[in-house]
Amino acid sequence: MRLRKNAVLYWMLLPGMILVFVFHYLPMAGLVMAFQDFKPWLGFVKSPWVGWENFQMAFQREDSLQVVWNTFFIACTKIIVNLVVPVVFALLLNEIRHMGLKKVIQTLVYLPHFLSWVVFGGIVGDILSSQGIINTLVLPSLGLDPILFLADGNWFRFVVIVSDNWKEFGFATIVFLAALSNIDPSLYEAAEVDGANRWRQTWAVTLPALVPIVIVVGTLAMSSVLNAGFDQIFNLYNPLVYDKGDIIDTFVYRVGLLNSEFGLGTAIGLFKSAVGFIMVIIAYVLASRFANYRIF
Amino acid sequence: MYYKTKSYRIFYALNIILLSLISLACILPLIHVLALSFSSGLAVSANKVTFWPVDFNLDSYKRTLGDADFLVAFYLSVARVVLGVVIGIAVTVLTAYPLSKMDSLKGGRVIAWFFVFTMLFNGGLIPSYILIQKLHLMNTIWALVLPGALGVYNMILMLNFFRAIPKELEEASLIDGAGHMTTLIRIYLPISMPSIATIVLFVAVGHWNAWFDGLIYMQKENWPMSTLLQTMIKAPDLSQRTVSDAEIVNLTERTLKSAKIFIGTLPILLVYPFLQRYFVKGIVLGAVKG
Amino acid sequence: MRKKMMMLSAILLVIALMGTACSSGGDKGQSPESDVESKGFTNGKFDPPITLTTVGSVGSNYVFKNGETLENNVHTKWVKDNLGIDIKYNWVTSGDQFATKVRLDLSANNKMPDVIHIYDPQLMSDLIESGKFMDISSAFDKYASPKVKQIYNQDPMYWAQVTKDGKHYGLPTLSRAQQNDTLLWIRTDWLKKMNMEPPKTFDDLEKIMDGMKKTDFGTGPVNPPLAISIKDANMPFVQWRGDASWIFGGYGIIPHYWNKWNGDKLEYGSVQPQMKQALAKMQDWYKKGYLSADVGLIDVGKSDDTFRNQKSGIMTGPTFQASVVRSALNKNNPNAEAAPFPIPAGPSGKPGLRNTTVPGGAFLINKDFKHVDAFFLYINKMYEIGDPPKGSEFENGYAEGYDYVIKDGKVSSVEADFPDKQKVNVASYFLSGQPFVDPELELNSYVKLYNGEKPSTPFETRMYNAVPESERKDPKNVLEWKAAYYTLQQKDNTLANLFLGPPTPTMKSKWEALVKMESETFLKIVYGKASIDEFDTFVDKWKKMGGDQITEEVNDWYNSVGGK
């Protein structure tokens, strides 16, 4: 009986598996391009094989290590900041009892997500330029010298992380709000009866309810440990900050401008995927060992 | 009650101030774009516009909305979102439900990794393009909807939301003689509305904003709105060609671009407040239990 | 229960399959095999019409009226009605995805269009290498009109980019001669107020820039006096507007350009010794505040903006910058006066500036295209109407209501005279997206008008009508005409880029790294973040990292196409 019932579960999985197989696994045949000097008119079969040459070209450069490190540093910081800020924001928002206000705040913070980086990057550039509001109003009033934020490598990284958070935290908050709304209110009532203040309630009820979803989001975010955000960096960077701000994707883009990028692009994509996949596995194992939670 | 204590009240006041400031910081960029769109091109290029339109006019909107292409593109985008959400949610829920029951699902973990693997590895543009062509999906809405129908990220989220639902509910239902399908539809879905609303939002926003697949797979007359806007906003590289004075002037038309950006964003912005009621008030689990 | 489940799966599968069934097929855009070869070409047109397939791109510079599209507009209609050529676009995409889309079609083994117009040199060399496009040498001899032959035979280097093994694999598109050659556009009202003359040398220019910083013109502080942009990561100092090449030209070299700078071999401008002094000069100007503090962050549009907004007193750019003065600066401040001036002489004693390369792209013709005669009919006709005879239907422009209107019985192509205030560049609908005109024609016509001659051909009349009537009375001060006059005058000071070929083998693997190092070093020197001596280190490294080898390959290419 039980078994028969469970057989249905496999049927349920079927549509998803077919879709994924057709649209994701079949095209993976294209990964062979990583080992080819791919010529579109020759196709996968006839393009010349070059072994590891594409990888060598990417990693035998003087700046390879630096570019990978930039990518890793920016991506990791973003992962952490984009996890912590939305969680804290969700908790603070959860305290607002006025429903109208809560809705308004929620809606407003999610708006920047919808501006593309071309537009948002332009706005960030204007604000931080030598004639922008920060350098003409804020810093002088604090008695500080103007700072060329986007022309200095360290400031550049800072700007990249903060502006990314500014744009995305509101959208990222949604999933935590959804988790909060799944909490059974009777748990709070019970805590209240026990005499717990709000701080204790947050620790005892709210946070534990959030932990699983934080682990899920965090683990899956590990997949982008080498995705520092091409659109953003591309719209903000310039040669002055190459040493601190050039990332793998911008590098591939520049190479692609003079060379059809398929071989190299695929090779680097493969590298990024492999690293991301390993990181997800590590995060998965760590979560199940230390937090005793398996995300699937 | 905790919120009557003095310290909590101070916190509450500070909290409201903080959140309001943050909200302000988030709305200002959009207001800036909006102000640009209502201003004259001249005022914009003279950097006179910040948050309030200068030389208020509606020309950009008239010009954009007067475009016949635009209405078709709008329709296609809506169709894509509706179809994408319906199919996407159906597949996501159907996949997430069994995977949330690892105990009853032999080989479930392997299947889960089968899905997660595709989050990372992909064959890239060329094989996907050839595939779409071989399946004869070129220039059909299915080329935009099917490849991403199962968002693995969303599926994993859904799976975890499902797992947070108390086991007793499911067991009661199964013992009552209902099958998994009935349990999913009668028990799981109603109490998962906040999570489903979240996924609906993610899928809808994703479909609305996607432009690249439209550019690659669709003929121009079938471009969805974001694809159309993308090409209307981007300036091609003119440095090598003979440009006319009219082109130089058009290049600097930030007003028109802003109007297009805003028109392209507005419909999807409206989806959220509509879904919001599902987040603000949680479902009272106790009521379902009882 | 299980049945229901299966039903659901089945439904989903059906949905998926429906997609397959409903599809209209990816081959839709391809042309039906031209079966009309035998049918005739009579009275200057094909009857019945033949189909010519191509592919295209659109962007924010495209304006369409009356619900027209790239596929169906005043130009394509005219071509169909008058030449019997039905232009069909297999697809249209955005400018920056054009090359990707072509490569995807190649990969999927889709039929290439009959005619394709390309700028990207790498894509061009890929397509030529693919063997799917024809050597047009004999077709050119057979079908090109005498006028077209005369234009294309003016300079053998026009063909350099499409030449492989001595064969011509495409028809280059020619842009206007000197079209991006830089001039200085200076606020003459400010010069007057400072009691200063236009600059003849860099020293004069420095005095002017210094004066601008110190003088109150009633429009707020002048910052920066000189509006240029060096943001571009590939060629920071050579730009189509906001150009800085002339600062280096004053020392006798142009960065990023290949030329015989110091010998009889092609060498890369950015590694020549003169570069060091020029960079030191820019560093000095940056430090003194003559350049924007954000000069490396703002694009050419934003640097022009500072001139429009009266923050800058000098901008750089070619003839077409007249439209910035007329349509922006003068609207912001009707009393503002600005005029073009030739590039001043640098420490080398001579001015120097980047030369514009005339061939900008090329048409490639599909090997299987049966109607290469139709393509040349189009080209011949387009060159004819580009410089139309008197009485031609194109006497006043390409299309009434698009690039000109008749207002009060007079022809005008001033945007303000259009009923909908929207002028359209009809040439953007052409197969190449630009007009077909003898490269030398426009400049020569402008200069004629500058010299006070009345327009004698329809082409000249067109240029004449593009200028507001009030300004024409004083021909020596019409911005475009004056700019053209100076452009022609300083033509001898221009320095050309002689390497026009596709990326060489070593370039493919090394060039990006070299360019990255170059732009990083140069910008840091300008910003004062690196000492000027970093330049020497850069040159050493550049040579070792593949630069020397690339130099050899560039010279090999140059010799192979018959460069002298």
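As recorded by an unreviewed UniProt entry, chain C carries the name Putative aldouronate transport system substrate-binding protein and is attributed to Paenibacillus rhizosphaerae.

Labelled according to an unreviewed UniProt entry, chain B appears under the name Putative aldouronate transport system permease protein, originating from Paenibacillus rhizosphaerae. The Subcellular location (unreviewed entry) comment attached to chain B in UniProt states, word for word, "Cell membrane".

Trainee: Explain the domain arrangement of chain C to me, please; I cannot follow it from the model alone.
Mentor: Often, the extent of an interface is quoted as the loss of accessible area on bringing the components together. All names here are of chain C. The domain architecture assigned to chain C consists of domain 1 (41-178 + 360-383) and domain 2 (183-354 + 496-560). Distance between the C-alpha centres of domain 1 and domain 2: 34 Å. With 7 residues of domain 1 at the interface, the matching set in domain 2 holds 9 residues. Buried area between domain 1 and domain 2, summed over both chains or domains, comes out near 590 Å², and the portion from carbon and sulfur atoms is 63%. Among the residues domain 1 hides against domain 2, the three largest losses belong to Gln122, Met157 and Gln161. Together they make up 53% of the total. Run the count over domain 1 and domain 2 and you get 0 salt bridges. For the pair domain 1 and domain 2, the interface holds 0 residue pairs in polar contact (both at pLDDT 80 or more). Grouping the constituent residues of the side of domain 1 that touches domain 2 by class yields 3 nonpolar, 3 polar and 1 charged.

Trainee: Help me understand the packing of helix H8 (residues 153-180) of chain A against helix H10 (residues 198-221) of chain A, please; the structure alone is not making it clear to me.
Mentor: In a packed pair of helices, the relevant descriptors are the angle between the two axes and the axis-to-axis distance. All names here are of chain A. Two numbers describe how H8 lies on H10: the axes approach to 9 Å, and their chain directions differ by 140°. Looking at the two axes, H8 sits oblique to H10. In terms of crossing hand, the pair formed by H8 and H10 is right-handed. Facing H8, whose interface residues are Val175, Phe176, Ala179 and Leu180, H10 presents Thr206, Leu210, Ile213, Val214 and Val217.

Trainee: Got a minute to help me understand the interface of chain A and chain C in this structure?
Mentor: At the junction of the two partners, chain A supplies 38 residues and chain C supplies 40 residues. Carbon and sulfur atoms make up 62% of the surface buried where chain A meets chain C, a total of about 3,600 Å² over both sides. Seen at the junction of chain A and chain C, the total is 8 salt bridges. Between Arg61 of chain A and Glu512 of chain C there is a salt bridge, with its nearest N and O atoms 2.7 Å apart. Here chain A is connected to chain C by 9 residue pairs in polar contact (both at pLDDT 80 or more). At the level of elements, helix H1 (2-25), helix H6 (117-128), helix H12 (242-245) and helix H13 (248-258) of chain A are the ones that each hand at least two residues to the side of chain A that touches chain C. Taken together, the residues of the side of chain A that touches chain C break down into 22 nonpolar, 7 polar and 9 charged.

Trainee: Honestly, the confidence of the model for chain C in this entry has me stumped. Any pointers?
Mentor: A low pLDDT score tells you not to read the predicted coordinates there in detail. All names here are of chain C. Mean pLDDT over chain C: 89, with 92% of residues reaching 70 or higher. Confidence drops under a pLDDT of 50 for residues 13-39, and excluding neighbours within four residues, the segment shows 37 contacts in the predicted structure. For this predicted complex, the interface score ipTM comes out at 0.91, alongside a pTM of 0.90.

Trainee: How should I be thinking about the interface of chain B and chain A in this particular structure?
Mentor: Chain B puts 93 residues into the contact, and the matching count from chain A is 83 residues. Of the roughly 8,400 Å² buried between chain B and chain A on both sides combined, carbon and sulfur atoms contribute 74%. Summed over the shared surface of chain B and chain A, the number is 0 salt bridges. At the boundary of chain B and chain A, one finds 19 residue pairs in polar contact (both at pLDDT 80 or more). If one sorts the elements of the side of chain B that touches chain A by residue count, helix H1 (residues 6-38) of chain B sits on top with 16 residues.

Trainee: Which parts of the structure should I look at to understand the packing of helix H18 (residues 505-526) of chain C against helix H19 (residues 534-560) of chain C?
Mentor: All names here are of chain C. Running from N to C, H18 and H19 cross one another at 155°; their axes reach a closest spacing of 10 Å. It follows that H18 is roughly antiparallel to H19 by the angle criterion. As for the relative orientation of H18 and H19, their crossing is left-handed in sense. Where H18 abuts H19, its residues Pro505, Thr506, Met507, Lys510, Trp511, Ala513, Leu514, Met517, Glu518, Thr521, Phe522 and Ile525 lie against Glu534, Phe535, Phe538, Lys541, Trp542, Met545, Gly546, Gly547, Gln549, Ile550, Glu553 and Val554. Residues belonging to the contact of H18 with H19 are distributed by class as follows: 14 nonpolar, 5 polar and 5 charged.

Trainee: Where do I start with the packing of aromatic side chains in this structure?
Mentor: Think of a pair of aromatic rings as described by two things: how far the centres are apart, and how the planes are tilted against each other in angle. Evaluated as defined, the whole model comprises 82 aromatic pairs over all chains. Between Tyr110 of chain A and Phe114 of chain A, the aromatic rings sit 5.0 Å apart at their centres with planes inclined by 70°, giving edge-to-face as the arrangement. Here Tyr110 of chain A matches Phe114 of chain A in class, with each residue buried. An angle of 75° between the planes, with centres 5.1 Å apart, marks the rings of Tyr268 of chain C and Trp511 of chain C as edge-to-face. One end of the pair, Tyr268 of chain C, is in strand S12 (residues 267-268); the other, Trp511 of chain C, is in helix H18, with 243 residues separating them in the sequence. Assessed through its relative accessible area of 3%, Tyr268 of chain C is described here as buried. With relative accessibility at 11%, the residue Trp511 of chain C sits in the buried group.

Conventions and cut-offs
- Residues numbered from 1 in each chain as written.
- Chains lettered and ligands numbered in written order.
- Predicted model: local features only at pLDDT ≥ 70, side-chain atom pairs only at ≥ 80, totals over all residues.
- Heavy atoms only, no water.
- UniProt positions renumbered as here; feature names shortened; annotations may be inferred.
- Domains from an automatic or database assignment.
- Contact = heavy atoms within 4.5 Å.
- Buried area = accessible area lost by both parts, 1.4 Å probe.
- Salt bridge = Lys/Arg side-chain N within 4 Å of Asp/Glu carboxyl O.
- Polar contact = N/O pair within 3.5 Å; in protein donor to acceptor, adjacent residues only side chain to side chain.
- Nonpolar A, V, L, I, M, F, W, Y, C, P; charged D, E, K, R; others polar.
- Axes fitted to C-alpha atoms, helices over the stretch in contact; angles between N-to-C directions.
- Helix = DSSP H or I, 4+ residues; strand = E, 2+ residues; numbered from the N terminus.
- Parallel < 35°, antiparallel > 145°, perpendicular 65-115°, else oblique.
- Left-handed = near helix turned anticlockwise from the far one by under 90°.
- pLDDT = per-residue confidence, 0-100.
- Phe/Tyr/Trp six-rings, centres within 6.5 Å; stacked < 30°, edge-to-face > 60°.
- Buried < 20%, exposed > 50% of the residue type's maximum accessible area, 1.4 Å probe, protein only.

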